[in-house]
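Now for the letters of each chain:
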Protein chains: 2
Amino acid sequence: MPSYTAPTKDTQFVLHDVLKISTASTPGYDEMEPAFTAAVLEEAGKIASEVLAPLNPVGDTEGCRMENGVVYTPTGFKDAFQQMQAGGWPGIDMPEEFGGQGMPYVLGTAVGEFFSGANQAFTMYQGLTHGAASAILAHGTEEQKATYLPKMVACDWTGTMNLTEPHCGTDLGLMRTKAEPQDDGSYRVTGQKIFISAGEHDLADNIVHLVLAKIPGGPAGIKGVSLFIVPKVLVNEDGSLGPRNAVSCGKIEEKMGIHGNSTCVMNYDGATGWLLGEEHKGMRAMFTMMNEARIGVGMQGVAQAEIAFQNALAYAKDRLQGRDVTGPKNPDGPADPLIVHPDIRRNLMEQKSFVEGARAFLLWGATLIDASHRGGDKDADGLISLMTPVIKGFLTDKGYEMTVQAQQIYGGHGYIEEWGMSQYTRDARIAMIYEGANGVQALDLVGRKLAQDGGKHVMAFFDMVKTYCKDADETDGMAEFVEPLKRASKDLQAAAMYFMSEGMKNPNAALAGSYDFMHLFGHVCLGMMWARMAEASLAALAAGTDDPAFHGTKLATARFYMARQMPMTATHLARIQSGAEPVMALDAANF
Amino acid sequence: MPSYTAPTKDTQFVLHDVLKISTASTPGYDEMEPAFTAAVLEEAGKIASEVLAPLNPVGDTEGCRMENGVVYTPTGFKDAFQQMQAGGWPGIDMPEEFGGQGMPYVLGTAVGEFFSGANQAFTMYQGLTHGAASAILAHGTEEQKATYLPKMVACDWTGTMNLTEPHCGTDLGLMRTKAEPQDDGSYRVTGQKIFISAGEHDLADNIVHLVLAKIPGGPAGIKGVSLFIVPKVLVNEDGSLGPRNAVSCGKIEEKMGIHGNSTCVMNYDGATGWLLGEEHKGMRAMFTMMNEARIGVGMQGVAQAEIAFQNALAYAKDRLQGRDVTGPKNPDGPADPLIVHPDIRRNLMEQKSFVEGARAFLLWGATLIDASHRGGDKDADGLISLMTPVIKGFLTDKGYEMTVQAQQIYGGHGYIEEWGMSQYTRDARIAMIYEGANGVQALDLVGRKLAQDGGKHVMAFFDMVKTYCKDADETDGMAEFVEPLKRASKDLQAAAMYFMSEGMKNPNAALAGSYDFMHLFGHVCLGMMWARMAEASLAALAAGTDDPAFHGTKLATARFYMARQMPMTATHLARIQSGAEPVMALDAANF
């Protein structure tokens, strides 16, 4: 049976040895001493492995069911949800004034990875609530905040995001859901929304739907979209629950995975809603939390790769099959464990070097969010805005790929549901799609983010890598990590230059290479994180660490990433530089 | 709803314009005139799209069920199976003396792709029967052939292959199933086999199990394994069916996909069996049909990629979302179709260039099987033996990857089962695992096939590519296709040289690069097929073809493969040349 152990040690290494958060200048970081974060991570890891992980296959097998309009979550979800609430986990990084713990986003991300790895479908209920609460926090009136936030921070009420309609996903300008103004200042919301995660369920007394809709008579297209708060149950002035609102779940979708999360068709039949933020500025309100939501999805990619890797590794050590070609490693047994075989190791090292590199990248990104939100650091804000599509697109693509590789270690057993490996791939698959499909992330990166503020942020990124390489080069033993990073960074710059020169003449020359660029960028980021981790481990070893095996392993894993993954950047560059012609040559009719 | 149209035109192009089968010297090929194969392909395409494809989602949703030891296939499977039998399709390439149609393997492969694309789970019932019948044909006594083959060729009786046991998959030397000799020449077979596709079902009167087992007292390990015929129902001397044999299905596995095929745990409780071939030579008997079985699995990779591509393409043309960045293409509609977007095209071109290149590679491989089996061509036999792991491993890896990309085109709808795209990925996933997991294919390629007969076959392959490039270079317009092929072939040779020089000192230096080598080899093969297809299309255009659009499309697709996929070979080489150290550095305990 599959199991999950939270990677607390690795997370601590990233937070303190690499990112050195407790000495960073971001407000609140001075409280993030290693002993404190260790205690939080241990506690979170415990609930992840003991409470959430055992429910993961239950959720997958049972799924959600709807009876007479009521949606029931899988056995055990309700109890577990209450345990999460009791521990205060849903509000870990929410403001204390609304009942949150007020901790930094980076710590929320660290524990979020554990919860998501142990049970993605379950963790989405609180994740979506977090997203909706963030939107109300950023754009709500004082009254709205007072009404909804304490309940949502505690997850007594959960939240949803309603964007997609049957005929429009990415292109929200085509939206048909309408919100008609009423005399009392409210709106009547009418329309159908699909793919609404956690749209209806039995975990909370109320569900606060955030719904994008058009106010009749407003601007056409995306500029006429506004955001509304539409609670499942109307809230009385005293904060108590009143009558049901005219919103209902029409259907639960049958999905490939995340069966434990109810994905609903939501029908708004003249439901009462209230404007959140300004009229016709719904997309802006959405976008303020998009970075966080997308980083949260990138986290899911890492999280599923982690649990899949853990189980693949255990199986590779346990399953006896064949002999080491250089001589038996388990001479008294009938065969050697799978892990002796070079190609099994190649597979495992790809998983390990991705998961650890990606975790570091993700947590570094989270510190930039904190620097921006808590410290008002505009440069950090620009940098994370640039890298958000990379975190979302690259980490979910590779995360999925790694779950598939982990499944492969199991041979035929990987294909049998009972063994659990199939679920990780099926659950991980959605992260490449939702919150903007990965092709849209690539478009966002190349079509918007590269040129944002006159290309300032990407230039800052290149400078940062250059400065890092220059500094690191002066440390003994770093050359082997810095050189591949330099080469990869040169490839990335060459790709950006190609886009600049060719994209001027023909935007397709840039867009045809956008997906490769996103992956090229991802490898440079993971390469940099591996260099930084190697540097931290070299320093620890030089300082006489009491855990030389851990740091030795880090160095070996860094070497693997440099030798085996960084060469991909050259291929991505070659593909990018082949331009638009090979991609765009065919008429649609001739495909 | 998803649909399937057999790619008959493309198959005809490969068979005649590229492979020119009707003028080849292989016995039986002279009857393969274009008009004849066209008629066969049309008829097969019709049954694939009209009978098998509609049952594909039915099989996925219903699955197989067992009641009181009886296994029921999904609604409609039995009727469809009878239609396939009535058309003589199961025996298309089987000898006429046993009721087959006696056609070449290449034609069987061509139609097999259609059936498998339309419904993989269904087609496996006859595919496994074909495999088992081939084994009896090659190793059976005259009496065994007379008893089983006419029934199996007609699929009145189906067949299975029983290799895996709970504790042993790849490492069959660990096998525990035993076969005790009886006085009448039969054996009592006892043991448990798992993952037995089509192990029990309601489509046929009898099931002929081929079972690997050990005769007590024989050699230890893999050298003591023999192959047995164990029919579900014993056959009387007059050919009529007698009593049930002591073999039963213990359980149907819950799998990630191919739900329409019953994957059974089979229990042999002193079942009566008969030796097939020689004592202790069971693996040899298995291996004679392994090439064909593995090529058949490679075919499944192509087939699932084809149906996924067809549906992704249709959706990309139909779904309106966003605007072409260079100006509206559907100005009167609310948005442009997805296919205008460069990254959607990049995705579609990757699918298209893979599927068509892979089909050509597959069918070329099938002509080598015919040249070997029908023409006794030893060189062809050596070449296909070398390339079999590439066909199996590369085509199923990439085929799966393409089904995932096709699913991505659908956005959120790709994740909803109702839309059908999820099934293609779930079904395609198994092909990377069964008939030897793809890591085992890579091991077979690098550990066995490269050095086979003193490296003769790989040298012949390199010579063939070199000669081809030299000849093709003299044709106007071929340089753009030949140059990338030359470069890729040089990368492949450099990798082989690296294995030869470093592998001598340390076998892990070769094995750590085996997976990359398999993919590098695959790109060279597809590159060569694309060059050959480009050459055929240039010739057709020069000769004034009446279908210039088809050939223009081929050339554009060839250019895409050269520009966008062939650069992968450099990365694979770089990874290979990084050697064993990055892969093997860690102690298993330190992972």
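Residues numbered from 1 in each chain as written. Chains lettered and ligands numbered in written order. Predicted model: local features only at pLDDT ≥ 70, side-chain atom pairs only at ≥ 80, totals over all residues. Heavy atoms only, no water.

Description of the interface of chain B and chain A
Of the residues lining the interface, 94 residues belong to chain B; the matching set on chain A comes to 95 residues. Sorting the residues of chain B by area buried against chain A places Tyr415, Arg564 and Phe591 of chain B first, and these three jointly supply 13% of that buried surface. Summed over the shared surface of chain B and chain A, the result is six salt bridges. A salt bridge links aspartate 516 of chain A to arginine 564 of chain B; its shortest N-O distance comes to 3.7 Å. At the junction of chain B and chain A, the tally comes to 50 residue pairs in polar contact (both at pLDDT 80 or more). (Contact = heavy atoms within 4.5 Å. Buried area = accessible area lost by both parts, 1.4 Å probe. Salt bridge = Lys/Arg side-chain N within 4 Å of Asp/Glu carboxyl O. Polar contact = N/O pair within 3.5 Å; in protein donor to acceptor, adjacent residues only side chain to side chain.)

Here's the deal with the layout of surface pockets
Quantified by volume, the second largest pocket comes out at close to 1200 Å³. In this structure, the second largest pocket is lined by 47 residues; those nearest its centre are His259 and Glu417 of chain A together with Glu254, Lys255 and His259 of chain B. Breaking the lining of the second largest pocket down by element, the ones donating at least two residues are helix H2 (34-62) and helix H10 (421-429) of chain A together with helix H2 (34-62), strand E1 (65-67) and helix H10 (421-429) of chain B. Here the residues of the lining of the second largest pocket sort into 15 nonpolar, 15 polar and 17 charged. (1 Å grid on protein atoms, 1.4 Å probe; cavity = no way out; pocket = protein on both sides within 12 Å on 5 of 7 lines; lining within 4 Å. Points joined across faces, edges and corners; volume = space filled by probe spheres on them. Helix = DSSP H or I, 4+ residues; strand = E, 2+ residues; numbered from the N terminus. Nonpolar A, V, L, I, M, F, W, Y, C, P; charged D, E, K, R; others polar.)

Structural notes on a negative patch on the surface
On the surface, a cluster of negative charge is made up of Asp30, Glu31, Glu33 and Glu96 of chain A. By relative accessible area, which is 52% here, aspartate 30 of chain A ends up exposed. (Patch = residues over 30% accessible without salt bridge, like charges linked within 9 Å, V, L, I, M, F, W, Y side chains within 5 Å. Areas by Shrake-Rupley, 256 points an atom, 1.4 Å probe, with all protein chains shown as cover. Lys, Arg positive; Asp, Glu negative; His and termini not counted. Charge placed at Lys NZ, Arg CZ, Asp CG, Glu CD. Buried < 20%, exposed > 50% of the residue type's maximum accessible area, 1.4 Å probe, protein only.)

Quick notes on the relation of the copies chain B and chain A
Mapping chain B onto chain A leaves a residual RMSD of 0.0 Å; the transformation is a rotation of 180 degrees accompanied by 0.0 Å of translation along its axis. Such a combination of rotation and displacement between the chain copies is what one expects of a two-fold axis. For chain B, the residue whose C-alpha comes nearest the rotation axis is threonine 571 of chain B, separated from it by 3.2 Å. The overlap is high: 100% of the interface residues of chain B also sit at the interface in chain A, so the same surface is used on both sides. (Least-squares fit on C-alpha atoms with pLDDT ≥ 70 in both.)

Thoughts on the packing of aromatic side chains
Residue and element names in this part refer to chain A. Summed over all chains, the structure comprises 30 aromatic pairs over all chains. With a centroid separation of 5.3 Å and 75 degrees between ring planes, the pair formed by phenylalanine 13 and phenylalanine 550 is classed as edge-to-face. One end of the pair, phenylalanine 13, is in helix H1 (residues 8-18); the other, phenylalanine 550, is in helix H16 (residues 548-565), and 537 residues separate them in sequence. Like phenylalanine 550, phenylalanine 13 is buried. Relative to phenylalanine 122, the ring of phenylalanine 81 lies with its centre 6.0 Å away and its plane at 70 degrees, an arrangement referred to as edge-to-face. Separated by 41 residues along the polypeptide, phenylalanine 81 in helix H3 (residues 77-86) and phenylalanine 122 in helix H5 (residues 120-139) bring together distant segments of the chain. Here phenylalanine 81 and phenylalanine 122 have matching classes, each one buried. By the ring-pair criterion, three or more aromatic residues cluster together here, those being Phe461, Phe462, Tyr498, Phe499, Phe517 and Phe521. Of note, arginine 429 hangs over the ring of tyrosine 400, and the distance from its end group to the ring centre comes to 5.6 Å. (Phe/Tyr/Trp six-rings, centres within 6.5 Å; stacked < 30°, edge-to-face > 60°. Lys NZ or Arg CZ within 6 Å of the ring centre and 35° of its normal.)

Points about the environment of glycine 411 of chain B
Residues and elements named next belong to chain B. Its place among the elements puts glycine 411 in the loop between helix H9 (378-409) and H10. You can call glycine 411 buried: its relative accessible area is 17%. As a C-alpha pair, glycine 411 and alanine 121 span 290 residues in sequence and 26 Å in three-dimensional space.

Some points on the side chain of glutamine 120 of chain A
Residue placement: glutamine 120 of chain A occurs in helix H5. Here glutamine 120 of chain A is in contact with Asn56, Phe115, Ile258, Gln300, Gln304, Asp427, Ala428, Ile430 and Tyr434 of chain A, once residues within four sequence places are set aside.

What about the domain arrangement of chain A?
Domain parsing of chain A yields domain 1 (8-139), domain 2 (159-281) and domain 3 (451-583). On a C-alpha basis, the centroid separation for the pair domain 2 of chain A and domain 3 of chain A is 41 Å. (Domains from an automatic or database assignment.)

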